[in-house]
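Fold and geometry: a report
Here are the chains, one letter per residue:
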Amino acid sequence: MSVRRNRRSKYFFIFPAIIWVLSFTIFPLIYSLGLSFFRVRLGRSAQFIGLNNFARIFSDYKLGNSLRITLLYVAITVSIQLILGILIALLFNQEMRGKNIFRALLILPIFCTPVAVGYLGLTIFYEEGGPINSILMSLFNLKIPWLSNPTWAWVAVLLLDIWQWTPFCFLVILAGLQALPDEIYDAAYIDSSSEWEIFRKITFPLIQPVIIIVLLLRLIESFKIFDAVYSLTGGGPGTATEVYSLYTYRTGMKFFDLGYASALGYLLLAIVIVVINFFFRQMREVYE
């Protein structure tokens, strides 16, 4: 009797989690899918239009611009974050003074919310009297139009994201490095004294699964970027930094075209699924 009661009690603890997932994940997913087949305007009744919202995607030139910006953003930020994460992890994997203190300071940006990071960026990149321009003016008599020039606004968004998420890559890769057995390196140093050869033939292949996991996590999060860009530039100047999620948000919440915004959301979901499946396939081919 007690065994049967214990089996039933586990469902009591699982049930709240099931309700949470159904309420905040599955239900919005299904509801937005249904919404994508309707023309939904504020103050008007919904009108069923079938696949017209999805067909409209192919003629939306603004969508092409935001998608191009997002893909370029993802490629640049994730690549730099991975490279810097690996280099910093290799540095902190050595014996050094004050390593724990520096490591703790280095990972602080991870704990900042993206919206707060965006507003912090407003202060840092402020053109008249901001800290960066103040230093540049005192040293080189140079003032950069960080947020009013399309190119420099784009650079500011990239720098802010790289600053916040490089520590995440570093922390995970460092954990992978510290899990490697010392015996492998003891044998390797007997055969070779070249640090580059040891990294290329031993370290990198061993931590490659960790790097791929970090890559997948950062790809997923980078495609969804919204908060920091919204609070830093608002997608401007013009549409220079209008990433995909921001364009979808404006379509639904500013222009109240909720049906088309839902279709845009599912297009992004499809793009992320294709990209993630590609990397999973590559990883499977390597390790099978």
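The present account deals with the structure reproduced in this document. Everything quoted here is computed from the prediction, not taken from an experiment.

1. Let's talk about the pattern of salt bridges
One pass over the structure, following the stated rule, counts seven salt bridges. With a shortest N-O distance of 3.6 Å, Arg218 and Asp161 are connected by a salt bridge. Taken together, the residues Arg218 in helix 9 (residues 195-223) and Asp161 in helix 7 (residues 150-178) connect sequence positions 57 residues apart. The same class applies to Arg218 and to Asp161, which are both buried. Ionic pairing is found between Glu242 and Arg250, a salt bridge with its closest N-O pair at 2.7 Å. You'll find Glu242 and Arg250 in the same group, each marked buried. Here the salt bridges do not stand alone but share partners, grouping Glu197, Arg200 and Lys201 into one network.

2. A few points about the layout of surface pockets
Counted as a void, the largest pocket has a volume near 410 Å³. The wall of the largest pocket is formed by 17 residues, among which Ser245, Thr248, Ala261, Gly265 and Leu268 lie closest to the centre. Among the elements that take part in the lining of the largest pocket, helix 12 (residues 258-287) stands out by supplying seven residues, more than any other. Residue classes in the lining of the largest pocket are distributed as 11 nonpolar, five polar and one charged. Empty space within the second largest pocket amounts to approximately 350 Å³. Lining of the second largest pocket is provided by 13 residues; of these, Asn93, Gln94, Tyr185, Tyr189 and Thr203 occupy positions nearest its centre. When residues of the lining of the second largest pocket are traced back to their parent elements, those giving at least two are helix 7, helix 8 (182-191) and helix 9.

About the criteria used
Residues numbered from 1 in each chain as written. Predicted model: local features only at pLDDT ≥ 70, side-chain atom pairs only at ≥ 80, totals over all residues. Heavy atoms only, no water. Salt bridge = Lys/Arg side-chain N within 4 Å of Asp/Glu carboxyl O. Helix = DSSP H or I, 4+ residues; strand = E, 2+ residues; numbered from the N terminus. Buried < 20%, exposed > 50% of the residue type's maximum accessible area, 1.4 Å probe, protein only. 1 Å grid on protein atoms, 1.4 Å probe; cavity = no way out; pocket = protein on both sides within 12 Å on 5 of 7 lines; lining within 4 Å. Points joined across faces, edges and corners; volume = space filled by probe spheres on them. Nonpolar A, V, L, I, M, F, W, Y, C, P; charged D, E, K, R; others polar.

Treat this as a map of the structure, not an account of what it does.
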